[in-house]
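Letter by letter, the chains look like this.
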Amino acid sequence: MQVLGITDGISSGAAIIRDGQIISAVNEERLSRLKMAYGFPRMSIREVMRLAGASPKDIDVVAVGTVNNYLIDELRDWDGWFQQDKGFIRNAVFSTASVFGSLVDRVPGLESLYYASRWPIFAARRRGICRIMRREFGITAPVQFINHHLAHATSAHFTSGFENATVVTMDGGGDGDSSHIYLARGDDLRLITRTSAFNSLGNYYAYVTHICGYKAQKHEGKITGLAAHGTPIYEDLLDNMITFRDGRIINQAGVVFRGALKELRKRLPAGWTKEDVSASIQRHCERVVREYVQYHLQKEGDGNVSIAGGIFANVRINQEVHQLPGVKNVFVHPGMTDGGLAVGAALALCMKDSRPQTMPRRKDVIRTVYHGAAYTDGEIRAALDQADLSYTEPANIEHEIAKLLVEGYVVARFDGAMEYGPRALGNRTILYHPADRSVNDWLNDRLKRTEFMPFAPATIIERADRCYLHLQGGEDTARFMTITFFCTDWMKETCPGVVHLDGTARPQLVDKDDNPSFYKVLQEFEALTGIPSVINTSFNMHEEPIVCSPEDAIRAFKLGHLDYLAIGNYLCKSPYPIDHPITPMPRAAGVTARL
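Report follows, based on the coordinates. (Residues numbered from 1 in each chain as written. Predicted model: local features only at pLDDT ≥ 70, side-chain atom pairs only at ≥ 80, totals over all residues. Heavy atoms only, no water.)

It is worth spelling out the overall build of the protein at this point. For the protein, the count of helices and strands is 21 helices and 21 strands. Here the protein has a C-alpha radius of gyration of 23 Å; the compact-globule value for 595 residues is 25 Å, and the two agree. Considering only residue pairs separated by 6 or more positions, the protein has 73% of its internal contacts joining residues 24 or more positions apart. Total accessible area on the protein stands at roughly 22300 Å², and carbon and sulfur atoms take up 49% of it. (Helix = DSSP H or I, 4+ residues; strand = E, 2+ residues; numbered from the N terminus. Rg over C-alpha atoms; globule rule 2.2 N^0.38 Å. Contact = heavy atoms within 4.5 Å. Areas by Shrake-Rupley, 256 points an atom, 1.4 Å probe, with all protein chains shown as cover.)

A few words on the sheet that holds strand β6 (residues 164–174). Strand order in the open sheet made by the five strands is β8-β7-β6-β11-β12, with mixed pairing throughout. Each edge of the open sheet is held by one strand with a lone partner, namely β8 (188–196) and β12 (329–332). Between one strand axis and the next, the sheet turns by 20° as a mean value, whatever way the strands run. Strand direction decides the pairing type here: β6 and strand β7 (residues 177–185), joined by eight bridges, are antiparallel. For T169, the partnering residue across the bridge sits in β7 and is H180. (Pairing = 2+ DSSP bridges. Axes fitted to C-alpha atoms, helices over the stretch in contact; angles between N-to-C directions.)

Let us now look at the packing of helix α7 (residues 201–211) against helix α8 (residues 220–227). Running from N to C, α7 and α8 point in directions that differ by 80°, and their axes come no closer than 9 Å. Classified by the angle between their axes, α7 and α8 sit roughly perpendicular to one another. For the pair α7 and α8, the contacting residues are Y205, A206, V208 and T209 in the first and E220, I223 and T224 in the second. When its residues are assigned to classes, the contact of α7 with α8 shows four nonpolar, two polar and one charged. (Parallel < 35°, antiparallel > 145°, perpendicular 65-115°, else oblique. Nonpolar A, V, L, I, M, F, W, Y, C, P; charged D, E, K, R; others polar.)

What follows covers the pairing of strand β9 (residues 242–245). Pairing of β9 with strand β10 (residues 248–251), which is carried by four bridges, proceeds in the antiparallel orientation. Its bridge partner being in β10, R245 is matched across the sheet by R248.

Here the focus is the side chain of H433. Looking at the element boundaries, H433 is found in the loop between β14 (428–432) and α16 (439–446). Reaching out from H433, the side chain makes a polar contact with the backbone nitrogen of A435 at a distance of 3.2 Å. Polar side-chain contacts of H433 include one of 2.5 Å to the backbone oxygen of T583. Each residue touching H433, except ones within four places of it in the same chain, is listed here: L405, G408, F525, I535, T583, P584 and M585. (Polar contact = N/O pair within 3.5 Å; in protein donor to acceptor, adjacent residues only side chain to side chain.)

Before going further, it helps to spend a moment on the sheet that holds strand β3 (residues 21–27). Taken together, the five strands give an open sheet; going across it, the order is β3-β2-β1-β4-β5, and neighbouring strands pair in mixed fashion. Every other strand in the sheet has two partners, leaving β3 and β5 (143–146) as the edge strands with one partner each. The average angle at which neighbouring strand axes cross in this sheet is 20°, direction not considered. Two elements, strand β4 (residues 61–65) and β5, share four bridges in a ladder whose sense is parallel.

So this is what it looks like as structure tokens:
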């Protein structure tokens, strides 16, 4: 059975799932070069069908993530929740909800009326998508619309390898809710509880993002990084606005959207700092999520928890879930944001009693997310020649990359198939050695980025216990850089460039079978230094998507003035590198080189 999954909201995209296996998955931003591209994903649909070798007649079902939404026919970049021009109707609805949100608890049925009033617009989207599939793609298969949070849940459960689990979804909102919790037993998911979008914890994190001067629903990662630089002195203030009590998340302030921004600014004292507010929302969200998940943890889930949704893009919150009493194993879906809804919508067909039929499900954890395009040596050479870049073809390019890292150079790496999801996992990556604590400042400056978290480490999986504490039950999800762990003293001493102020790091644990070439880079680096980790940050310029094609890689290499580009089997030295401290990697004390 072959299913085409589609998501047409923020970070739109498409996926082909064949008998429960992800065959191809791409988000529209990578192809359009519009960050978090928003709208109907025509380019992604064509690309995933091309990668899967699927024709229109091969598609058995089209599954669309989210039942109720607006049809955005023209693709656009996502400029942030409060900056985005949503069009006349959506702007009017947004403004009305901002004003009347405080009446929800006092006027019975008001929330239902709010959603019912938009039903004709939502129905028009569903008809429009069916029409587009027939007319533009020649796909006549039935089109099913999957609840937003069910799609998040199935993305997590059917890629986790768990037979039984508690499945938790949390985000700003979708299809009227901001969270669902399910008990999953095999191919059966039973809804345990739901939290309305009015009571959204994720939205409050977005409100803080906005008042701190960043773009809500886009720059929340900056708040996570800033949190370690502040003190959570406003936690009680936030708890009085949104809290957890008796199994429920409750919007006590009774405000939403612009009304919530106004109320939050009103309650904060003069002289507040973004560092302290960030620390407060981070600490508060960690506590609320801990209590919420702990309360609803299902005994029949065997101690397994699988999670997805925008809140779980927050790697520190994921660590808190992992450390909960009663949690043995945790798995975060690699495409945990709305960009993963295409995969989740398609995998929803793995649930029992699905129509027109139940798709077979995989029973093991996914091993890789290299589901995008790969390029031949010929295509790469043509791009290099077109860009007039000189290059060599080393006999052992992994060894050459490791040597350059040891010498203190920055190496951009473009190789193999592109990653699915928001993380760069070795194939569209910028590498540097992990001993330079100052790298976060000067390298981000070169890439025009404003970030407050240190870069992440890629670590040989067999050496993980030497570098990180309390890994057990989180190893599989750590292969996708979706969780933090506290670092060992040895890691803090030898790799300060990847350790956050709170003593954590968010590693990618690299297995030889998952990515042999990237694993070899780490092996070669360890042989030269005794250190099994390197810095791994995404290969892109600020406010641009991760690179997709050789042309994208060459452009970012030039704009970033990076030292070297390892692209396929070829190595290029930058003709115009920007000066930076060339600080060689010191060898780990007491470690004998394996040359």
